[in-house]
Amino acid sequence: MMNRKLEIDYIEYDSLDELEPQDKELCEAAERALKGSYAPYSHFNVGAAVRLADGSIVTGANQENSAYPSGLCAERTAMFAAHANHPGTPMTAIAITGAQNGALNSGITAPCGACRQVMAEYQKVSGVKWTVLFYGKDKILKFHQVDDILPFIFTNLD
Ligand code: THU
């Protein structure tokens, strides 16, 4: 028997201007992606931006449907679009943000469990640890790998 402890290192910022330029750019892309959110049921808009290894950015926003389970989160919309359109180019980072009533949320919008699982798998496929950014107007969190927001992922890729 062994007692073990997990520790997570992450950085907390108060403003976008404190971020490194490429992280700031990714957060701003996630914010711009909010325009594509279709959320007439929850009125909760989510934007996501994925960085690819060639430096380009692919964005997504949440898409809802009157048949509720048919919708999709912003993060998966972005990651699936990235892989579908650039299958040979690994993803290296993701930024997520949320808004309500036309205003960016001041606190963070953290991804759901299903989106974390998808991030974890694409990170594994990419072969590099991703930067993960939760972007709120007055608080931004930066994680250094998807493992830090979802340890012990399910995988059959080993
Ligand atoms: N949503 C996301 O886009 N990402 C998440 O990680 C969690 C939730 C969306 C789904 C739905 O359109 C709205 O937020 C409210 O749940």
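These numbers come from a predicted model, not from an experiment.

Quick look at the environment of E31 now. Inspection of the secondary structure assignment puts E31 in helix α1 (residues 21–33). In the structure, E31 is positioned 91 residues away from Y122 in sequence and 22 Å away in space, judged by C-alpha atoms. For E31, the residues in contact, after removing those within four places along its chain, are T97, L104 and Y135. Polar side-chain contacts of E31 include one of 2.8 Å to the side chain of Y135.

Here the focus is the layout of surface pockets. Counted as a void, the largest pocket has a volume near 170 Å³. Residue composition of the lining of the largest pocket, by class: seven nonpolar, two polar and three charged.

The next subject is unusual backbone geometry. Positive phi is not limited to glycine here, since N101 has a value of about 50°. Turning to its location among the elements, N101 is positioned in the loop between β4 (91–100) and β5 (103–104). At F152, a position not held by glycine, the phi torsion is positive, near 55°. Along the polypeptide, F152 turns up in the segment after β7 (140–143). A relative accessible area of 76% means that F152 is categorised as exposed.

On to the pairing of strand β2 (residues 44–52), then. Of all nine residues in β2, eight are buried, a share of seventy percent or more. Direction of pairing for β2 relative to β4: antiparallel, over a ladder of nine bridges. Bridging across to β4, L52 finds its partner in M91. Bridge count for β2 against strand β3 (residues 57–61) is five bridges, and the pairing is antiparallel. In the strand pairing of β3, G47 is matched with A61. Linkage of β2 to β3, two consecutive antiparallel strands, is achieved through a turn of four residues, within which G55 is found at a positive phi near 95°.

Take the nonpolar core next. Counting 24 residues, the largest nonpolar core has V50, M79, M91, I94, M119, W130 and V132 as the members making the most contacts within it. Secondary structure elements with two or more residues in this core: β2, α2 (74–85), β4, α3 (113–126), β6 (131–135) and β7. For this core, the element with the most residues is α3, which contributes five residues. For M91, the contacting residues outside a window of four places in its chain are V50, R51, L52, M79, A82, H83, Y122, S126, V128 and W130. One finds L26, A99, L104 and L133 within the second-largest nonpolar core, a separate group that totals 16 residues.

Now for α2. Spanning 12 residues, α2 covers 16 Å between terminal C-alpha atoms, matching the ideal 16 Å at 1.5 Å per step. Within the sequence span of α2, burial applies to A74, E75, R76, A78, M79 and A82. At its buried positions, α2 is contacted by β2, β3, β4 and α3.

To continue, consider the site of the ligand. The immediate surroundings of the ligand are formed by S42, F44, V46, N62, E64, C73, A74, E75, P111 and C112. Between the ligand and N62, the relevant distance is 2.9 Å, taken from an oxygen atom to a side-chain nitrogen or oxygen of the residue. Between the ligand and A74 there is a distance of 2.9 Å, counted from an oxygen atom to a backbone nitrogen or oxygen. Protein contact buries 73% of the 370 Å² of open area that the ligand shows by itself. Looking at the shell around the ligand, the elements with two or more residues in it are β2 and α2. When grouped by side-chain class, the residues that make up the shell around the ligand number six nonpolar, two polar and two charged.

About the cut-offs
- Residues numbered from 1 in each chain as written.
- Predicted model: local features only at pLDDT ≥ 70, side-chain atom pairs only at ≥ 80, totals over all residues.
- Heavy atoms only, no water.
- Helix = DSSP H or I, 4+ residues; strand = E, 2+ residues; numbered from the N terminus.
- Contact = heavy atoms within 4.5 Å.
- Polar contact = N/O pair within 3.5 Å; in protein donor to acceptor, adjacent residues only side chain to side chain.
- 1 Å grid on protein atoms, 1.4 Å probe; cavity = no way out; pocket = protein on both sides within 12 Å on 5 of 7 lines; lining within 4 Å.
- Points joined across faces, edges and corners; volume = space filled by probe spheres on them.
- Nonpolar A, V, L, I, M, F, W, Y, C, P; charged D, E, K, R; others polar.
- Buried < 20%, exposed > 50% of the residue type's maximum accessible area, 1.4 Å probe, protein only.
- Pairing = 2+ DSSP bridges.
- Core = buried A, V, L, I, M, F, W, Y, C linked by side-chain atoms within 4.5 Å.
- Expected span 1.5 Å × (residues − 1).
- Near = heavy atom within 4 Å.
- Areas by Shrake-Rupley, 256 points an atom, 1.4 Å probe, with all protein chains shown as cover.

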